[in-house]
Number of protein chains: 2
Amino acid sequence: MSAATVSNALSGKGRVSAEMVEKIRATAAELGYVPSQAGRALRTGRTGVIGLVLPDIANPLFPQIAQAIELAASSSGYGVLIADSRGDVSTQTKAIERLIDRDVDGLVIVPRRGTRVADVGCPVAVIDTPSTPGNTVAADHWGGGQQIAEHLKALGHRRVLIIGNNPASNVQNDRAGGIRSVFGQGLHTDTLWIEPLEKVSGKGCPLGLAGKVAEGYTAFACISDLHALRALTELQRAGINVPEKASVTGFDDLIWSPVITPALTTARMDMTEIAAIAVAALVKAIRERDPFDPEIGAPVTAEKSKVPMHLVVRQSAAAPPALQPVHTTATAATSVTEGGHQS
Amino acid sequence: MSAATVSNALSGKGRVSAEMVEKIRATAAELGYVPSQAGRALRTGRTGVIGLVLPDIANPLFPQIAQAIELAASSSGYGVLIADSRGDVSTQTKAIERLIDRDVDGLVIVPRRGTRVADVGCPVAVIDTPSTPGNTVAADHWGGGQQIAEHLKALGHRRVLIIGNNPASNVQNDRAGGIRSVFGQGLHTDTLWIEPLEKVSGKGCPLGLAGKVAEGYTAFACISDLHALRALTELQRAGINVPEKASVTGFDDLIWSPVITPALTTARMDMTEIAAIAVAALVKAIRERDPFDPEIGAPVTAEKSKVPMHLVVRQSAAAPPALQPVHTTATAATSVTEGGHQS
DNA sequence: ATCGCATGATTAATCGTTTAATCATGCGAT
DNA sequence: ATCGCATGATTAAACGATTAATCATGCGAT
């Protein structure tokens, strides 16, 4: 039989009789035939590969993102080519170029701190923050901040310290903004940015949280679980028990959050859904596009661009000391309400 | 000019005059010409892409591995396609098949817990443990264990508890074995495997380390920083200060290790070198192979298959209580000898 | 002057798939 | 009986690079 008929049969495109299709299917399966991607790519201009560009692979959030994107892509029949920006903007540009040179059909970009994505010659899905122009889809970081803040407020906290890394990040800003929006009226918040502090005091320096507790802060709302971990260990080390004497919350539900003591109360993104939406929008754009036309275009858009975050209540946040029954400050609160790690 | 001449000029293969090469180089650069991977792949049978297969992308070690492999591959001109096994062996097989169907030139596989890699139709580099048959290159986990143990022994520890996840893992076994080999003569070690424990007590359950301290254990040598973190927070929570009353060590120097309090003493792999060796061996095998011959073969071998680990001394391990000057048990030991995170 | 040969550039075939265009066949309608 | 048409399969061209084979040219040697 002819190659054309085989192609038509397997793709279901041309006019092929039912029995022919069946026969071809059978023989193909028997011979273990798989169409060559190279030949197809050459003819159609589509490689079936999308590129994943991340600000910094070393970021602990990367596993979640990569896993979700890989799953979404592979179930749409796409492969995922990774590129590392190593935190550097020029490297990011280089990495994108390398991916383009490899003829990726599209890109998923998690931009570094509000980097505007330069116009590339293929569809692009951007995962940043709903408030960023050009964003395709992202978690509702602001809303997540609100949830954390509502939780702390309901527990009775009135003075909370927000701990972040760098205010230049859209994501971090949104999270902090969400928290402040809840504590705005009369209650007190202040913000500690770690990166500027480390510029002065060196990497991994103490954050001076014991002093903050002395100043009357009862809760530390960290912008990431990484900071929460740092805060939590520093407090425990200083003899300030969490959550009896001070509460700590995080963001992202990173891998260690459920297994430390006390387990972290945190807000997590629904990466699976975000990835699914991003990839779906990207694939749609790829399908509609003429692969040989190197048009430059704005990032693709999705119907749903804001995915709610989920509050995960564990043990690291409780009522502030003044409101606690006296005996609980002595009791080791090792009861577990939410144990496992959501995946 | 003809396409053939261009091809010869850019690849430096055929007979082309020097001035012609120069002219072609110039025009190519001017036009922004990049040879189509698809056309090349079709003709040569090589895609310039290698697949990276990981046991579980969610593993916190993944960023280090992926970053190192991506760097090594891209500096050899290769792209990296990722595949996630999601911890499942059959998914791992599926993932490998998908990569093969995408015509990868080779694979880097970090096998899940001693999975023997099934014969695939392309060169494979395996990163597991030096003691595993078929291993291409890996960190000297046993030696790393010895370094950790020597350090603890020198500090004066005589009873250490090894904390691991699952004895079925070659890596974990080697690390634990290295530790035991040092403490073998007369000194005491015992091993706590978390996964079996969690089967009974539930995920994220307490490890009962306070009890172990009461039994006389003065140090907890964890097989991974993730376990070390769990141990450290559990101890601190129970009022057992680290490192004054108990020492904790880890493995891998994960992202949080330098920023927690006390910062973790740990042993890290030289992933950059491991990745460089693995990719170099793989690329060599790819170059030597006839791309159209679907021969099945054993994993590729490298000259150097065992890369030493590096001991990173921070604050989480110190002399056991009995040997400490009395006042230090009261003093908060926040002095910093090694602060930053090595990348 | 002619041949041989080295050098440099071009031609043509090939990789495997897709897709438009073409060809063959059979059936119903006039 | 013949034409038209629908159906099903085949042919041919094209994607873009590589590479063996071929062609053109000039120079030194006989």
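Residues numbered from 1 in each chain as written. Chains lettered and ligands numbered in written order. Predicted model: local features only at pLDDT ≥ 70, side-chain atom pairs only at ≥ 80, totals over all residues. Heavy atoms only, no water.

Here we come to the protein's contact with DNA strand D. Near DNA strand D, the surroundings consist of 25 residues, among which Thr5(A), Ser17(A), Ser7(B), Tyr33(B) and Arg43(B) are the closest. When atoms of DNA strand D within 4 Å of the protein are split into backbone and base, the sugar-phosphate part holds 49%. In the environment of DNA strand D, a phosphate oxygen lies 2.8 Å from a nitrogen or oxygen atom belonging to the side chain of Ser7(B). Take Gly39(B): an N or O atom from its main chain is 3.2 Å from a base nitrogen of DNA strand D. Put simply, the parts of the chain that give the surface near DNA strand D at least two residues each are helix H1 (3-11) and helix H3 (37-44) of chain A together with helix H1 (3-11) and helix H3 (37-44) of chain B. Sorting elements by how many residues they give to the surface near DNA strand D places H3(B) first, with 5 residues. (Near = heavy atom within 4 Å. Polar contact = N/O pair within 3.5 Å; in protein donor to acceptor, adjacent residues only side chain to side chain. Helix = DSSP H or I, 4+ residues; strand = E, 2+ residues; numbered from the N terminus.)

Residues and elements named next belong to chain A. A surface patch of nonpolar side chains, about 320 Å² in accessible area, is lined by Leu10, Leu31 and Tyr33. Looking at the secondary structure, you find Tyr33 in the loop between helix H2 (18-31) and H3. With a relative accessible area of 44%, Tyr33 lands in the partly exposed category. (Patch = residues over 30% accessible without salt bridge, like charges linked within 9 Å, V, L, I, M, F, W, Y side chains within 5 Å. Areas by Shrake-Rupley, 256 points an atom, 1.4 Å probe, with all protein chains shown as cover. Salt bridge = Lys/Arg side-chain N within 4 Å of Asp/Glu carboxyl O. Buried < 20%, exposed > 50% of the residue type's maximum accessible area, 1.4 Å probe, protein only.)

For helix H11 (residues 271-288) of chain A, spanning 18 residues, the distance from its first C-alpha to its last is 26 Å, which sits close to the expected 26 Å at 1.5 Å a residue. Contacts from the buried residues of H11(A) go to strand S1 (49-54), helix H4 (62-75), strand S3 (106-109), strand S4 (124-126), strand S5 (138-139) and strand S11 (306-307) of chain A. (Expected span 1.5 Å × (residues − 1). Contact = heavy atoms within 4.5 Å.)

Next up on the list: the sheet that holds strand S8 (residues 219-222) of chain A. All names here are of chain A. Sheet architecture is open: 4 strands sit in the order S7-S6-S8-S9, paired in parallel fashion. Both edges of this open sheet fall to strand S7 (188-193) and strand S9 (247-249), since each of them pairs with a single strand only. In this sheet, adjacent strand axes meet at a mean angle of 20° when their direction is disregarded. Where strand S6 (residues 159-164) and S8 come together, 4 bridges link them in parallel fashion. Each residue of the ladder has a partner; that of Val160, found in S8, is Ala219. Strand contacts of helix H8 (residues 194-201): S6 and S7, with the helix running at about 50° to S7, the strand carrying the most contacts. (Pairing = 2+ DSSP bridges. Axes fitted to C-alpha atoms, helices over the stretch in contact; angles between N-to-C directions.)

Taken as a whole and assessed by the stated rule, the structure comprises 2 aromatic pairs over all chains. When the centroid spacing of 5.2 Å and the interplanar angle of 15° are considered together, the rings of Phe62(A) and Phe62(B) count as stacked. With Phe62(A) in helix H4 and Phe62(B) in helix H4 (residues 62-75), the pair connects residues from two separate chains. This pair shows no difference in class: Phe62(A) is buried, exactly as Phe62(B) is. Looking at Arg159(A), its charged tip hangs above the ring of Tyr217(A), at a distance of 4.6 Å from the centre. (Phe/Tyr/Trp six-rings, centres within 6.5 Å; stacked < 30°, edge-to-face > 60°. Lys NZ or Arg CZ within 6 Å of the ring centre and 35° of its normal.)

We now examine the confidence of the model for chain A. Looking at chain A as a whole, the pLDDT averages 90, with 93% of positions reaching at least 70. Every residue in residues 326-340 of chain A scores below 50 in pLDDT, and together they form 21 contacts with partners more than four places removed in sequence or on other chains. (pLDDT = per-residue confidence, 0-100.)

Turning our attention to the sheet that holds strand S8 (residues 219-222) of chain B. Residues and elements named next belong to chain B. Read across the sheet, 4 strands follow the order S7-S6-S8-S9 without closing on themselves; strand pairing throughout is parallel. Where the open sheet ends on each side, the last strands, each with one partner, are strand S7 (188-193) and strand S9 (247-249). The sheet shows a mean angle of 20° between the axes of neighbouring strands, direction not considered.

Attention now goes to empty space enclosed by the protein. This model, assessed by the stated rule, comprises 4 cavities of 30 Å³ or more. Of the pockets and cavities examined, the largest cavity occupies roughly 270 Å³. Forming the walls of the largest cavity are 16 residues, and the residues nearest its centre are Thr47(A), Val49(A), Arg102(A), Thr47(B) and Val49(B). Mapped by element, the contributors of at least two residues to the lining of the largest cavity are H3 of chain A together with H3 of chain B. Counted by class, the lining of the largest cavity contains 8 nonpolar, 4 polar and 4 charged residues. Computed from the structure, the second largest cavity encloses a volume of approximately 80 Å³. If you go around the second largest cavity, the residues you meet are Leu81(A), Ile82(A), Ala83(A), Arg98(A), Leu99(A), Arg102(A), Glu70(B), Ser74(B), Tyr78(B), Gly79(B) and Val80(B). At the level of elements, strand S2 (79-84) and helix H5 (89-101) of chain A together with H4 and strand S2 (79-84) of chain B are the ones that each hand at least two residues to the lining of the second largest cavity. Sorting elements by how many residues they give to the lining of the second largest cavity places S2(A) first, with 3 residues. (1 Å grid on protein atoms, 1.4 Å probe; cavity = no way out; pocket = protein on both sides within 12 Å on 5 of 7 lines; lining within 4 Å. Points joined across faces, edges and corners; volume = space filled by probe spheres on them. Nonpolar A, V, L, I, M, F, W, Y, C, P; charged D, E, K, R; others polar.)

Attention shifts here to the interface of chain A and chain B. Residue-level contacts link 59 residues of chain A with 60 residues of chain B. On inspection of chain A and its partner chain B, the count reaches 6 salt bridges. Along the contact surface separating chain A from chain B lie 21 residue pairs in polar contact (both at pLDDT 80 or more). Mapped by element, the contributors of at least two residues to the side of chain A that touches chain B are H3, H4, S2, H5 and helix H10 (225-237) of chain A. Top element by residues in the side of chain A that touches chain B is H10(A). It accounts for 8 residues. Of the residues contributing to the side of chain A that touches chain B, the split by class is 30 nonpolar, 16 polar and 13 charged.

Here we take up the protein's contact with DNA strand C. Not every one of the 23 residues close to DNA strand C is listed here, only the nearest: Tyr33(A), Ser36(A), Arg43(A), Thr5(B) and Ser17(B). In the interface set of DNA strand C, defined as its atoms within 4 Å of the protein, sugar plus phosphate atoms amount to 54%. In the model, a phosphate oxygen of DNA strand C is placed 2.6 Å from a nitrogen or oxygen of the Tyr33(A) side chain. In the environment of DNA strand C, a phosphate oxygen lies 2.8 Å from a nitrogen or oxygen atom belonging to the side chain of Arg40(A). Contributions of two or more residues to the surface near DNA strand C are made by H1 and H3 of chain A together with H1 and H3 of chain B. Of the residues in the surface near DNA strand C, the class split is 10 nonpolar, 8 polar and 5 charged.

Attention shifts here to the domain arrangement of chain A. All names here are of chain A. Partitioning chain A into structural domains gives domain 1 (48-139 + 271-306) and domain 2 (141-269 + 310-329). A separation of 31 Å is found between the C-alpha centroids of domain 1 and domain 2. Taken together, the contact pairs 13 residues of domain 1 with 16 residues of domain 2. Buried area between domain 1 and domain 2, summed over both chains or domains, comes out near 1200 Å², and the portion from carbon and sulfur atoms is 53%. Broken down residue by residue, the surface that domain 1 buries against domain 2 is led by Gln64, Arg113 and Ala139, which jointly contribute 45%. The tally of links between domain 1 and domain 2 comes to 7 residue pairs in polar contact (both at pLDDT 80 or more). Of the residues belonging to the side of domain 1 that touches domain 2, the class tally is 6 nonpolar, 5 polar and 2 charged. (Domains from an automatic or database assignment. Buried area = accessible area lost by both parts, 1.4 Å probe.)

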